[in-house]
Amino acid sequence: MGKSNKFDHFCLRLVICLCLVSCILYLGNTSVAQGAEISKIEAKRDRGFDYLDVYTTGNVSGNGLLLENELQINFPNAKISPKIEILTKKSKRIKNISTKQVGSTARITVTLKKNIDYEIVNVFGRNKAVVEISDRLDYTERIMAAWEKANLKRSGQKLEPYKYAPIASGKDKSLKGKIIVIDPGHGGKDPGAFSYSGMAEKHFTLATAKKIAHHLKTAGATVYLTRTSDRTCRLQDIVAFANKVGADMFISIHYNYGYNRKFAGTETYYYTPRSRKLALAIHQRLKNELKRKDRGLRRAMFYTIHHARMPAVLIEPVYISNKKEEKLAGSQNFQEKIAISVTRGVKSYF
Ligand SMILES: [Zn+2]
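Residues numbered from 1 in each chain as written. Predicted model: local features only at pLDDT ≥ 70, side-chain atom pairs only at ≥ 80, totals over all residues.

## A word on the overall build of the chain
Here's step 1: From N to C terminus, the chain includes 8 helices and 16 strands.
Here's step 2: Based on the C-alpha atoms only, the size of the chain along its principal axes is roughly 90 × 65 × 35 Å.
Here's step 3: Taking all 350 residues of the chain together, the buried fraction comes to 38%.
Here's step 4: Excluding contacts between residues fewer than 6 apart, the proportion of contacts in the chain whose partners are at least 24 apart in sequence is 75%. (Helix = DSSP H or I, 4+ residues; strand = E, 2+ residues; numbered from the N terminus. Buried ≥ 20, exposed ≤ 12 C-beta atoms within 10 Å, placed from the backbone. Contact = placed C-beta atoms within 7 Å.)

## Here we look at the sheet that holds strand E14 (residues 266–270)
Here's step 1: Strand order in this open sheet of 7 strands is E10-E12-E11-E13-E16-E14-E15, and the pairing throughout is mixed. Here the strands that pair on one side only, and so sit at the sheet edges, are strand E10 (162–164) and strand E15 (294–299). Put simply, the sheet's adjacent strands are angled 20° from each other on average, direction ignored.
Here's step 2: Bridging between E14 and strand E16 (residues 312–316) involves 4 bridges; their strand directions are antiparallel. Opposite Glu267, over in E16, you have Glu316 as the bridge partner.
Here's step 3: Sheet contacts for helix H5 (residues 276–290): strand E13 (249–253), E14, E15 and E16; angle to E14, the most-contacted strand, approximately 175°. (Pairing = 2+ DSSP bridges. Axes fitted to C-alpha atoms, helices over the stretch in contact; angles between N-to-C directions.)

## Quick notes on the packing of H5 against helix H8 (residues 332–349)
Here's step 1: Put simply, H5 and H8 touch, their axes get as near as 8 Å, and they point 145° apart. Two packed elements cross with a definite hand, and for H5 against H8 that hand is right-handed. Of the residues in H8, those in contact with Lys277, Leu278, Ala281, Ile282, Arg285, Leu286, Glu289 and Leu290 of H5 are Lys337, Ile338, Ser341, Val342, Arg344, Gly345, Ser348 and Tyr349.
Here's step 2: Across the contact of H5 with H8, the residue classes break down as 8 nonpolar, 3 polar and 5 charged. (Left-handed = near helix turned anticlockwise from the far one by under 90°. Nonpolar A, V, L, I, M, F, W, Y, C, P; charged D, E, K, R; others polar.)

## Re the sheet that holds strand E2 (residues 49–56)
Here's step 1: Pairing in this open sheet of 5 strands is mixed, and the strands run E5-E1-E2-E9-E8 from one edge to the other. Every other strand in the sheet has two partners, leaving strand E5 (79–87) and strand E8 (116–123) as the edge strands with one partner each. Between one strand axis and the next, the sheet turns by 20° as a mean value, whatever way the strands run.
Here's step 2: With 8 bridges connecting them, E8 and strand E9 (residues 128–135) associate as antiparallel partners. Bridge assignment links Asn122 to a residue of E9, and that residue is Ala129.

## Considering the nonpolar core
Here's step 1: Counting residues in hydrophobic clusters, the biggest one holds 68 residues, and the most contacted among them are Ile180, Ile182, Leu216, Ile251, Ile305 and Val313.
Here's step 2: When residues of this core are sorted by domain, at least three fall in each of domain 1 (37–135) and domain 2 (140–349).
Here's step 3: Not counting chain neighbours up to four residues away, the residues in contact with Ile182 comprise Ala209, Ile212, Ala213, Val223, Leu225, Ile251 and Ile253.
Here's step 4: Listed in part, the 10 residues of the second largest apolar core include Ala193, Tyr257, Phe263 and Tyr319. (Core = buried A, V, L, I, M, F, W, Y, C linked by C-beta atoms within 7 Å. Domains from an automatic or database assignment.)

## Quick look at helix H4 (residues 235–244)
Here's step 1: Every buried residue of H4 is listed here: Leu235, Ile238, Val239 and Ala242. Seen along its axis, H4 keeps its buried residues to an arc of 90°; they face one direction.
Here's step 2: Elements that come into contact with the buried residues of H4 comprise helix H2 (140–153), strand E11 (179–184), E13 and helix H6 (303–307).
Here's step 3: Phi turns positive, to about 65°, at Gly246, one or two residues after H4. (Arc of directions from axis to C-beta.)

## Section: the packing of helix H3 (residues 201–218) against H8
Here's step 1: Remark: H3 packs on H8, axes separated minimally by 8 Å, with the N-to-C direction vectors making an angle of 45°. If you check the angle between H3 and H8, you find them oblique. For the crossing formed where H3 meets H8, the hand is right-handed. Of the residues in H8, those touching H3 at Ala207, Thr208, Lys211, Ile212, His214, His215 and Leu216 are Gln335, Glu336, Ile338, Ala339, Ile340, Val342, Thr343 and Val346.
Here's step 2: Looking at the contact of H3 with H8 residue by residue, the class counts come to 8 nonpolar, 5 polar and 2 charged. (Parallel < 35°, antiparallel > 145°, perpendicular 65-115°, else oblique.)

As structure tokens, this is what we get:
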């Protein structure tokens, strides 16, 4: 009697367990099945802007990723409808619009004819997202070219790189054996750009570079900073040093400047094809974790990232000419966030 009672209890428990498991599986499945579908994309033009109206069967939350010649708009937990309708319009910015299901993410890819800026507005309750596309207005590449020309002509001080030995006692050994050169942009007689309230870029870059170095050595890397004080460094010497120590990667730290004080957001640069994977890894994390406007992963022939013989990137996390972003750039907390994002990007690269 006792025995069969115990058995009955066991059976009952088993049945309850199975019920719970199937319930969870059922709910899990339906939530995927109930994810919104992208049913229509309609391109429009209005007052000089291009717009994409993205119609869905439920609430969606699109986020963008601007790459060299395309804009990806990703909708997590959404599906591309098999009957999707894409209405295009002749545009001087948009070459083509295509869609693709990437796991549980619905992706719209807009291939571009020229450099753009974009904004995504998720219209909750109206089952719609609106993507606004405008011409890109900035001078980063021109400003950098002028600055580099001046730097390359100038006589600098002797480069005195500083070596951060890896922390061997830590748990995290993911970057063990890697040599990383960090270049805090500008320094000494070269102030870089001036921020909204008149502070030189060279101070922001040095403070941020030191934080990045700290995180990288904590993960086991050997890190070199090309300067740890206010020294005038020549670009040729910086690159020659990175090449000489046989660095596995080179990261140059800058902050952006725009004549228009409204300019804001994160840009990441690379030049050589072998640097793209690293640049994308770092850009995606900076973009997602700093939560500033995405101003794209970009390819440009800047001196250091062009001449370094290893994967090399140049980051411009925010615009110090922008009042709000200057505050962020000057805060320990935000610099720490940049350091963590860069370190995560570096780790994911190897
Ligand atoms: Zn700079």
